[in-house]
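Survey of secondary and tertiary structure
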Amino acid sequence: MNLSISNVTKSYGDLTALHPFSLESEGEICGLIGNNGAGKSTLMKMIVGLIVPKKGKILLGEMDVKKMPEAVKHHIGYLPESPLLYPRLTPEELLLYVAEIKGIEKATEEIEYWLEIFGLSAKRNALLNDLSFGMKKKIAISAALIGSPSLLILDEPFNGLDVATMESLSEIIRKRHAAGATILLSSHLMSYIDRLCERVFILEQGKLVAEGSPGDLKKQANQVSFHDTFLHFTK
Ligand code: ATP
């Protein structure tokens, strides 16, 4: 599904968290990177309709996020940077709840699938409160993936995951991409951005300072590694 962001801005009081930002993407894996406070989560929250832009427009297909907030949400899978999971629910209950809100019928099989993929079948009946940080993260990722949404917004998906799970998640993202989903992810792990993303947007204090494929950006920066490329653009 086509994601179209036109000249979107956001301010918090006197602070301009995001200067006019535009992006047009369909079926790509896009990376959103920048130092702490660059505006990545702010942009993602506006795409999913959690906060309202000061100016500009965000469309998913023909749907305006501002005018059709509920319809849009049926097509989006969102992993927030700090997911809030109901601590007194079990993983299975939470995922069933998310599936119900999203209008996904017969979700039991898919829930089973994600619990198994993330090695959490044995924790099916544990309280979310009693899971480790990484385990909770896996449940939040499952909640974003459930129902195969056509737009995936993943805010720091790798943060807190063990190495093997980071690799599995990369594979899952690639598979969703192969199935036609549009994916926007943020991360401070430059190796994953380099390997996964077709297009990368570098933000610095709310401003877009560079955009291109990892290869193009490396060329522009005259660097071999993507890590040094990022440092080049953000000083
Ligand atoms: P990080 O890598 O640390 O997660 P980020 O790129 O996601 O950073 P944002 O969370 O988008 O950054 O924050 C951008 C700027 O907006 C920061 O200066 C932050 O302090 C500010 N900001 C974010 N949310 C609010 C808020 N609710 N009220 C006031 N300022 C805010």
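Attention here is on the structure that accompanies the text. Just so we're clear, the structure is a prediction, and the values are computed from it rather than from any experiment. (Residues numbered from 1 in each chain as written. Predicted model: local features only at pLDDT ≥ 70, side-chain atom pairs only at ≥ 80, totals over all residues. Heavy atoms only, no water.)

So, about the pattern of salt bridges. Applying the stated criterion across every chain, the model contains eight salt bridges. We note a salt bridge from Arg124 to Glu92, for which the minimum N-O separation is 3.6 Å. Here the residue Arg124 occupies a position in the loop between α4 (108-117) and α5 (133-145), and Glu92 occupies one in helix α3 (residues 91-101), the gap between them amounting to 32 residues. The two residues Arg124 and Glu92 agree in class, both being buried. In this structure, Glu171 engages Arg174 in a salt bridge whose closest nitrogen and oxygen atoms are separated by 3.3 Å. With Glu171 and Arg174 both in helix α6 (residues 163-178) and three residues apart, the pair spans about one turn of that helix. Judged by its relative accessible area of 39%, Glu171 falls in the partly exposed class. In this structure Arg174 comes out as partly exposed when scored by relative accessible area, which is 33%. (Salt bridge = Lys/Arg side-chain N within 4 Å of Asp/Glu carboxyl O. Helix = DSSP H or I, 4+ residues; strand = E, 2+ residues; numbered from the N terminus. Buried < 20%, exposed > 50% of the residue type's maximum accessible area, 1.4 Å probe, protein only.)

Structurally, the position occupied by Lys10 is in strand β1 (residues 3-12). Summary of buried charges: Lys10 has no salt-bridge partner, and the nearest side chain of opposite charge, Asp14, is 13 Å away. Filtering out sequence-adjacent residues up to four positions away, Lys10 remains in contact with Leu15, Thr16, Ala17, Leu18, Thr42, Met46, Ile51, Val52 and Lys54. (Lys, Arg positive; Asp, Glu negative; His and termini not counted. Contact = heavy atoms within 4.5 Å.)

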